[in-house]
Amino acid sequence: MHVSLDTMVDTLKAAAESSRLRILVLLSRGDLTVSDLTEILGQSQPRVSRHLKLLLDAGLIGRYQEGSWAFFRLSDADSSRDFVQRLVSGVREADPQVVRDLERLASVKRKRQDRAAEYFSENAASWDHIRSLHAPDRAVEAALLKLVGKRPFQTMLDLGTGTGRLLEIFAPLYRRGIGIDMSREMLTVARANLDKAGVANAQVRQGDIFSPPVERNAFDLVTIHQVLHYLDDPARAIGEAARLLRPSGRLVIVDFAPHSLEFLRDQHAHMRLGFSDRQIADWFAEAGLDLEDSQEFEPRSQAEARLTVKLWLGRDRRLLIADPSNSTTPAREIA
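Now for a look at the structure at hand. (Residues numbered from 1 in each chain as written. Predicted model: local features only at pLDDT ≥ 70, side-chain atom pairs only at ≥ 80, totals over all residues. Heavy atoms only, no water.)

### Overview of the packing of aromatic side chains
Alright, step 1. Evaluated as defined, the whole model comprises one aromatic pair.
Alright, step 2. Here Phe275 and Trp283 contribute two aromatic rings whose centre-to-centre distance is 5.9 Å and whose plane-to-plane angle is 70°, an arrangement assigned as edge-to-face. (Phe/Tyr/Trp six-rings, centres within 6.5 Å; stacked < 30°, edge-to-face > 60°.)

### Points about the packing of helix α2 (residues 18–27) against helix α3 (residues 34–41)
Alright, step 1. Two elements in contact, α2 and α3, have axes whose closest approach is 11 Å; the angle formed by their N-to-C orientations is 120°. When the axis of α2 is compared with that of α3, the two are oblique. With respect to the hand of their crossing, α2 and α3 are arranged in right-handed fashion. Between α2 and α3, the residues in contact are Arg22, Ile23 and Leu26 and Leu37, Ile40 and Leu41, respectively. (Axes fitted to C-alpha atoms, helices over the stretch in contact; angles between N-to-C directions. Helix = DSSP H or I, 4+ residues; strand = E, 2+ residues; numbered from the N terminus. Parallel < 35°, antiparallel > 145°, perpendicular 65-115°, else oblique. Left-handed = near helix turned anticlockwise from the far one by under 90°. Contact = heavy atoms within 4.5 Å.)

### Some remarks on helix α4 (residues 45–57)
Alright, step 1. With 13 residues, α4 extends 18 Å from end C-alpha to end C-alpha; this agrees with the ideal 18 Å at 1.5 Å per step.
Alright, step 2. Residues Val48, His51, Leu52 and Leu55 constitute the buried set of α4. For α4, the buried positions fall inside an angular range of 100° around the axis, keeping them on one side. Seen from the open side of α4, the exposed residues pointing more than 90 degrees away from its buried face are Pro46 and Asp57.
Alright, step 3. Where α4 terminates, the next one or two residues include Gly59, which has phi positive at roughly 75°. (Expected span 1.5 Å × (residues − 1). Buried < 20%, exposed > 50% of the residue type's maximum accessible area, 1.4 Å probe, protein only. Arc of directions from axis to C-beta.)

### A closer look at the pairing of strand β8 (residues 245–256)
A regular strand places its side chains on the two faces of the sheet in alternate fashion.
Alright, step 1. Of all twelve residues in β8, ten are buried, a share of seventy percent or more.
Alright, step 2. Summarising the sheet, strand β7 (residues 219–225) and β8 pair through six bridges and their orientation is parallel. Along β8, the bridge assignment pairs Phe219 with Leu245.
Alright, step 3. The parallel pair β7 and β8 is bridged by helix α10 (residues 234–243), and the resulting crossover is right-handed.
Alright, step 4. Pairing analysis gives seven bridges linking β8 to strand β10 (residues 309–316), with the strands arranged antiparallel. Residue pairing in the sheet places Val252 in a bridge with Leu313 of β10. (Pairing = 2+ DSSP bridges. Right-handed = clockwise from strand over helix to strand, strands pointing away.)

### Topic: the nonpolar core
Alright, step 1. Judged by nonpolar contacts, the single largest core of 32 residues is most densely connected at Leu144, Met156, Phe170, Tyr174 and Leu311.
Alright, step 2. Each residue touching Tyr174, except ones within four places of it in the same chain, is listed here: Phe153, Gln154, Met156, Leu167, Val199, Asn201 and Ala202.
Alright, step 3. Judged by nonpolar contacts, the second largest core, of 28 residues, contains Leu157, Ile209, Leu231 and Ala241. (Core = buried A, V, L, I, M, F, W, Y, C linked by side-chain atoms within 4.5 Å.)

### Digging into unusual backbone geometry
Alright, step 1. Of note in this structure, Gln226 is not a glycine but carries a positive phi near 55°.
Alright, step 2. Of note, Gln226 is situated in the loop between β7 and α10.
Alright, step 3. Even without being glycine, Ser248 reaches a positive phi, approximately 70°.
Alright, step 4. Looking at the element boundaries, Ser248 is found in strand β8.
Alright, step 5. The exposure class of Ser248 is buried, given its relative accessible area of 5%.

### A look at the pairing of strand β3 (residues 69–74)
Alright, step 1. Extensive coverage of β3 is indicated by the burial of five of its six residues.
Alright, step 2. Across two bridges, the pairing between strand β1 (residues 32–33) and β3 is antiparallel. Note on β3: the bridge partner recorded for Thr33 is Phe71.

### Points about the sheet that holds strand β5 (residues 174–181)
Alright, step 1. Judged by pairing direction, the sheet is mixed, and its seven strands sit side by side in the order β6-β5-β4-β7-β8-β10-β9 without closing on themselves. The strands lining the two open edges of the sheet, one partner per strand, are β6 (202–206) and β9 (289–297). Across the sheet, the mean angle separating the axes of adjacent strands is 15° when strand polarity is ignored.
Alright, step 2. α10 rests against β4 (153–159), β7, β8, β9 and β10 of the sheet, and its axis sits at about 150° to β8.

As structure tokens, then:
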């Protein structure tokens with residue numbers, strides 16, 4: 001973290017207080033609200049809010065709004081996150097105060113999981129019906145992991161994250177992951193799932209896929225999993241996703257091939273009945289992406305009403321244009 005001496009002193013002052021250091025330890029385990037922190041720390045809301053403001057002013061944490069709730073997280077800036085991670089790694093987990101805080105944190109996370117389980121139980125029937133019409137999720141996930149490869153990368157964004165499953169399966173590869181979803185209920189599910197899986201390098205936020213609350217030109221991998229068919233303007237969503245990619249970044253889309261199951265419109269709010277390779281390729285081209293791969297997964301059922309899952313991989317082509325040395329080397333080998 002290369003900063004001026006005065007800035008470093010201010011940063012250290014912000015962190016050098018027991019309650020604020022406890023907050024940093026807790027936020028290193030995931031995003032929390034003021035109410036969560038008040039419950040865990042056993043302090044009044046005004047006092048907790050004061051600590052949070054000092055940490056915000058020092059640039060050590062960030063804040064985002066989700067309806068009437070405000071969530072706090074470690075800063076998005078890599079230098080600040082690295083500084084905090086090094087700081088909290090020096091705190092002994094066996095310290096009695098830290099042990100109590102982590103026990104209360106576990107209680108907060110169990111409440112999230114209970115809310116998630118309740119939401120799942122209310123909606124499981126309709127989801128299971130649709131799943132029965134297409135290839136098993138595990139087969140698609142295995143293909144996604146193979147397609148993306150084993151090489152680590154910096155940042156991932158999952159648009160329409162739903163249950164947070166993609167953030168979970170790619171967690172060993174990325175340094176920082178973000179999931180965006182409009183539904184607060186689904187965000188509750190995602191947070192509970194990520195907590196349960198022990199994923200601490202990802203966070204989820206409420207936001208619109210057409211205007212996600214993240215920086216542009218910042219992500220190595222963007223995913224849109226089973227979301228496009230709910231949108232009235234899929235091309236716009238792809239264009240927005242492309243603008244979030246770094247040069248040579250990748251966009252992965254999973255959705256359905258063209259089909260004629262009208263009941264999905266009537267009963268499940270599907271706006272589009274699947275997409276062809278040509279449609280996706282054209283939308284990729286308009287967004288400045290090259291279609292690198294397309295895969296197809298046959299449905300598990302042989303019944304007439306069934307769905308074929310498709311996977312498309314697009315890559316930002318800017319590096320190929322920007323670097324003259326790439327003239328004899330395919331862009332996909334450079335990234």
